Each structure stands twice: as C-alpha cells, then as structure tokens.
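Listed below, chain by chain, are the residues.
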Amino acid sequence: MERAGKEEVVVEKSEDTNNNIERLPEGCVSDILSLTTPADVCRSSLVSTLFRSAAESDAFWGKFLPADYEKIISRASNPISSATLSKKDLFYRLSDNPLLIDGGLKSFQLEKSSGRKCTMLGAKELAITWGDTPQYWFYRGCADSRFAEVAELRSVWWLEIRGKLEIQLLSPNTFYVAYLVLKLRDYAHGFDDYEPIKAKVEVIGQAGGDTSFCSEERLIYLYAGGGYSPPDPLELEYFARERGDGWMEVEMGHFYNGGGVKEGVEVHMSVLKTERGVHKRGLIVQGMELRPKVDTNSHPNPDPNELSSSRNRSRKDRGTRRRRGGRITISSYTCAQVSTSAASTSQASTGSRGGRGSRGRRGGRGDR
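Rules used in this analysis
- Residues numbered from 1 in each chain as written.
- Predicted model: local features only at pLDDT ≥ 70, side-chain atom pairs only at ≥ 80, totals over all residues.
- Heavy atoms only, no water.
- Helix = DSSP H or I, 4+ residues; strand = E, 2+ residues; numbered from the N terminus.
- Buried < 20%, exposed > 50% of the residue type's maximum accessible area, 1.4 Å probe, protein only.
- Contact = heavy atoms within 4.5 Å.
- Areas by Shrake-Rupley, 256 points an atom, 1.4 Å probe, with all protein chains shown as cover.
- Pairing = 2+ DSSP bridges.
- Phe/Tyr/Trp six-rings, centres within 6.5 Å; stacked < 30°, edge-to-face > 60°.
- Salt bridge = Lys/Arg side-chain N within 4 Å of Asp/Glu carboxyl O.
- Arc of directions from axis to C-beta.
- Polar contact = N/O pair within 3.5 Å; in protein donor to acceptor, adjacent residues only side chain to side chain.
- Core = buried A, V, L, I, M, F, W, Y, C linked by side-chain atoms within 4.5 Å.

Colleague: What should I look at first to understand the overall build of the protein chain in this one?
Modeller: Scanning the protein chain for helices and strands turns up 9 helices and 15 strands. When each of the 368 residues of the protein chain is scored for burial, the buried share is 45%. Expressed as a percentage of contacts within the protein chain between residues at least 6 apart in sequence, the contacts between residues at least 24 apart total 75%. Counting every atom, the protein chain has about 18,500 Å² of accessible surface; 49% of that belongs to carbon and sulfur.

Colleague: Would you take a moment to explain the sheet that holds strand S9 (residues 197-204) for this structure?
Modeller: The 5 strands are arranged S4-S7-S14-S9-S11 in an open sheet whose pairing can be described as antiparallel. Of all strands in the sheet, those with a lone pairing partner are strand S4 (127-128) and strand S11 (218-220), marking the two edges.

Colleague: What should I look at first to understand the packing of aromatic side chains in this one?
Modeller: Each aromatic ring pair is described using two quantities: the centre-to-centre distance and the angle formed by the ring planes. Counted by the stated rule, this structure contains 8 aromatic pairs. A centroid spacing of 5.6 Å and a plane angle of 55 degrees characterise the contact between tryptophan 61 and tyrosine 92, whose relative ring orientation is tilted. Placement of the pair is tryptophan 61 in helix H5 (residues 58-62) and tyrosine 92 in helix H7 (residues 87-96), with a sequence separation of 31 residues. By relative accessible area, tryptophan 61 is classed as buried at 1%. Every member of this aromatic cluster is reached through a ring pair, and the members are Trp61, Phe64, Phe91 and Tyr92.

Colleague: Can you help me understand the pattern of salt bridges in this one?
Modeller: As a working rule, side chains carrying opposite charge can pair if their charged atoms are close by. For the structure on display, the rule yields 21 salt bridges. Glutamate 152 serves as the salt-bridge partner of arginine 185, at 2.9 Å between the closest nitrogen and oxygen. Here arginine 185 is found in strand S8 (residues 174-189), whereas its partner glutamate 152 is found in strand S6 (residues 150-153), with 33 residues between them in sequence. Glutamate 152 gets classed as buried once you look at its relative accessible area, which sits at 2%. What you see here is one network of salt bridges that share partners, running through Arg146, Arg243, Asp245, Glu249, Glu289 and Arg291.

Colleague: What is the right way to read the environment of proline 98 from this model?
Modeller: Structurally, proline 98 is set in the loop between H7 and strand S1 (99-101). When the C-alpha atoms of proline 98 and arginine 146 are compared, they prove to be 7.8 Å apart, with 48 residues separating the residues in sequence. For proline 98, the residues in contact, after removing those within four places along its chain, are Ser107, Phe108, Gln109 and Arg146.

Colleague: Looking at this structure, how should I read H7?
Modeller: Side chains three or four residues apart in an α-helix point the same way, a direct result of the helix having 3.6 residues per turn. Of the residues making up H7, those classed as buried are Leu90, Phe91, Leu94 and Ser95. Looking straight down H7, one finds that the buried residues subtend no more than 125 degrees of arc, so they occupy a single side.

Colleague: Help me understand the side chain of serine 155, please; the structure alone is not making it clear to me.
Modeller: Along the chain, serine 155 turns up in the loop between S6 and strand S7 (159-166). Take serine 155: its relative accessible area is 0%, and that puts it in the buried class. Among the polar contacts made by the side chain of serine 155, one reaches the side chain of histidine 279 at a distance of 2.8 Å.

Colleague: Can you help me understand the nonpolar core in this one?
Modeller: A general trend in soluble globular proteins is that nonpolar side chains are found buried together. Judged by nonpolar contacts, the single largest core of 63 residues is most densely connected at Trp137 and Leu283. Element by element, the count of residues in this core is highest for S8, at 6 residues. If we ignore the near neighbours within four places in the chain, the residues touching leucine 283 are Trp137, Ala151, Glu152, Leu153, Leu159, Leu182, Lys183, Leu184, Phe191 and Leu222. Core analysis: the next-biggest nonpolar cluster, separate from the first, contains 7 residues, Met120, Val150, Val181 and Ile284 among them.

Colleague: Looking at this structure, how should I read unusual backbone geometry?
Modeller: In most cases, non-glycine residues show a negative phi, while peptide bonds are predominantly trans. Here the phi dihedral of aspartate 102 falls at roughly 50 degrees; this positive angle occurs in a residue that is not glycine. Note on placement: aspartate 102 falls in the loop between S1 and strand S2 (106-110). Using a relative accessible area of 25% as the deciding quantity, one classes aspartate 102 as partly exposed. Phi is positive for tryptophan 130, close to 70 degrees, though the residue is something other than glycine.

Colleague: I keep staring at the pairing of S7 and nothing clicks. Help me out?
Modeller: Looking along a regular strand, one sees the side chains alternate between the two faces of the sheet. Inspection of the sheet shows S4 paired to S7 by 2 bridges, in the antiparallel sense. Pairing of alanine 127 across the sheet is with arginine 162, part of S7. In the sheet, S7 pairs with strand S14 (residues 266-273) via 8 bridges, with the strands oriented antiparallel. The partner of glutamate 160 across the bridge, within S14, is leucine 272.

Colleague: Sorry if this is basic, but what is going on with the environment of arginine 218 here?
Modeller: Along the chain, arginine 218 falls in strand S11. The sequence separation of arginine 218 and proline 196 amounts to 22 residues, and the corresponding C-alpha distance is 9.4 Å. A distance of 3.4 Å separates the side chain of arginine 218 from the backbone oxygen of glutamate 251, its partner in a polar contact.

Colleague: It is not clear to me how the environment of arginine 241 should be interpreted in this structure. Could you clarify?
Modeller: By the secondary structure assignment, arginine 241 is in strand S12 (residues 241-242). For arginine 241, a relative accessible area of 29% translates into the label partly exposed. Between the alpha carbons of arginine 241 and tyrosine 221 there is a distance of 9.9 Å; along the sequence they are 20 residues apart. Side chain to side chain, arginine 241 and glutamate 251 meet in a polar contact 3.1 Å long.

Here it is in structure tokens:
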C-alpha cells in the first residue's frame, strides 16, 4: 500500500515589510500622516522613502500651519517672507522663534509637537495699576526677554495686573493654560507663601457656549517653592517654576477653546493682591502667555471634563498654610531704588492710570 506523501506548503515571505508600504499611493500616505502630529511625522519619515517623500511636501506641511498664518505674519514687526520658505521651513521658523506682532507688544508661536497656536502678551500690553508711575513701576530692557521692555516693580502695596487677548489668536478645540512669566529680585518682598495672590482666567463675550470650561479663581505663589513639598502633586501648578529660559512661570488658570467662536470673544487674565496691605517690591514681569495644555502621559489636549474634578478642588486654606523652611531671603532695599516718602505722599493722594488701559483705583501705596 502506497503511502500518500505530505504536501509541502511554502509560504513566501516578503523580503522587506516596507515593500508593502511602498505600494501605497503617496497621497494616501500624506493623508494618513496629516491626521497625526508634526512630531509623529518626523518619526514616521524614518520608516521608508515613501513616508519621507510624503513628509517633505509643501501641501502636507501646509495642513499643520494655521489657516490664518499669512494674516498673522502680516502683523509682524519684522515680517518674514513666507513665499521664499517651504511650508516645512515656515512651520519650524514659527515654532522655534517667537514672532513679534502688533508693534512688538505680543508674540506668536506654534507649539512644535502639535502645531497649535501660542501667544504671549508683553508687559507693555498688560494693564498694570500704577504702571505709568515711575516711583512704583518702571519699564526697561532685558537681554533674555523676547520683548523690548519688561516691567519692574519698585514699591507698591496694591498689586493688580490684567491682560486680555482676542480668542481668534488661539487654536480652536484646544485646552489652554495661561501663565504669568516673571522673575524675582534677590531683595524681593511680599511674594512668599505667607502672601498668596489671586489669579483668574475667564472668557468674555462667548457665543452660544462655543468656548467653555474656565477654571475657578485660584491662589498662586510667585516664589519657586523653596523647601515646601506639596502632598498633592497637582498643587505644584500653583507655584512659580523655572521655564528653562532664565524666567519663571506660574499657572493663572485654564480654559477650553471650543470651535465656532465668533468675533468679539476675549480671554481675560488677572493677578490681584488688594485685600491686605503688604509691601511688595522686586517683581519683574515679562508678560502673560497662553499655551496648549501638554500632558506627557496622554494626548496633548485631554478631555476637559476628565480634569475638572482634580484641578478645581477647593484650596481655601492656602493663605494660612506655612511651609517648613526654605523661605526666600530678602536683602536690604536702597533709597536709590525707591523714594519711599515721595511714594507714600503721591500714591495716597492721586489716581494715576497704570500701564496700557489700566484702572486708576486706590492701591499701590509707596513704602511707608
């Protein structure tokens, strides 16, 4: 009896998995990549020559540029010629180097990993109470500032800084965080953990609820934290921290910018210390910045509802909390830096308007 032989089945393997990818039309690959982020595109370009070719095309990088990028560039103090740059080069130009716009009072930038808009208001664009009174505040150049001038506090008792920005300068469907960008002099006073400052971010003129989810008013601290270690990691957002560019920043609040926003809608930001008369000095303000929320453990723009419960918890007892050591050292303040007697007399009797569009209310009394 003859034994039936076993049939040999041979499965032919592709020499290179990339061969299958290379069969896709370049337009299809470009469409796929456009649904990711610029960071993903750079990584994907290493996969194959087809991906690399698709990732270099002007049409492809044009999808990562804001629809109104030409209009924004036209507002630049030193306009760049977009016609001489590829779309990819333009994207990296706008993400690597902030573009000064509106007479150098604001800066515009793209967040490199997502291509979403970032905007910063310079000190001259902020409304600072008593900001135009030299014995209280003065403006000067600063080598590591992106703006021509920063605001430096000489001596006040009443602190009030406000900023506002039209929502159209931000990306829709994006979770934004607002930051105060600052420095503290060695002789700074009035900003340690005994003196928290109120901060608030709100959207004004929103149409039909298109723009929503603003954080509640919070208490922030302008020093870097010293020896205090919050038991809750989320509390770190309320303390100033190093940015990596020589400045510090502290979160003032956040909001979700939904789609379909109409003209006239603005983001209003403020930091206030007006209830209790504590002398303050040595604060340097570069501006207020709005950037997309970046969560290193998840999507760059998390669902705002998922963050609501954890980020809006009440912290009413912050004003009485004491940390254990690490308190900021304050040096002596010289008479050459502020004339205390003149400040006390002038500020108690006059109502000067401070900064651009600021209110001339009581406050900012000189050192008494």
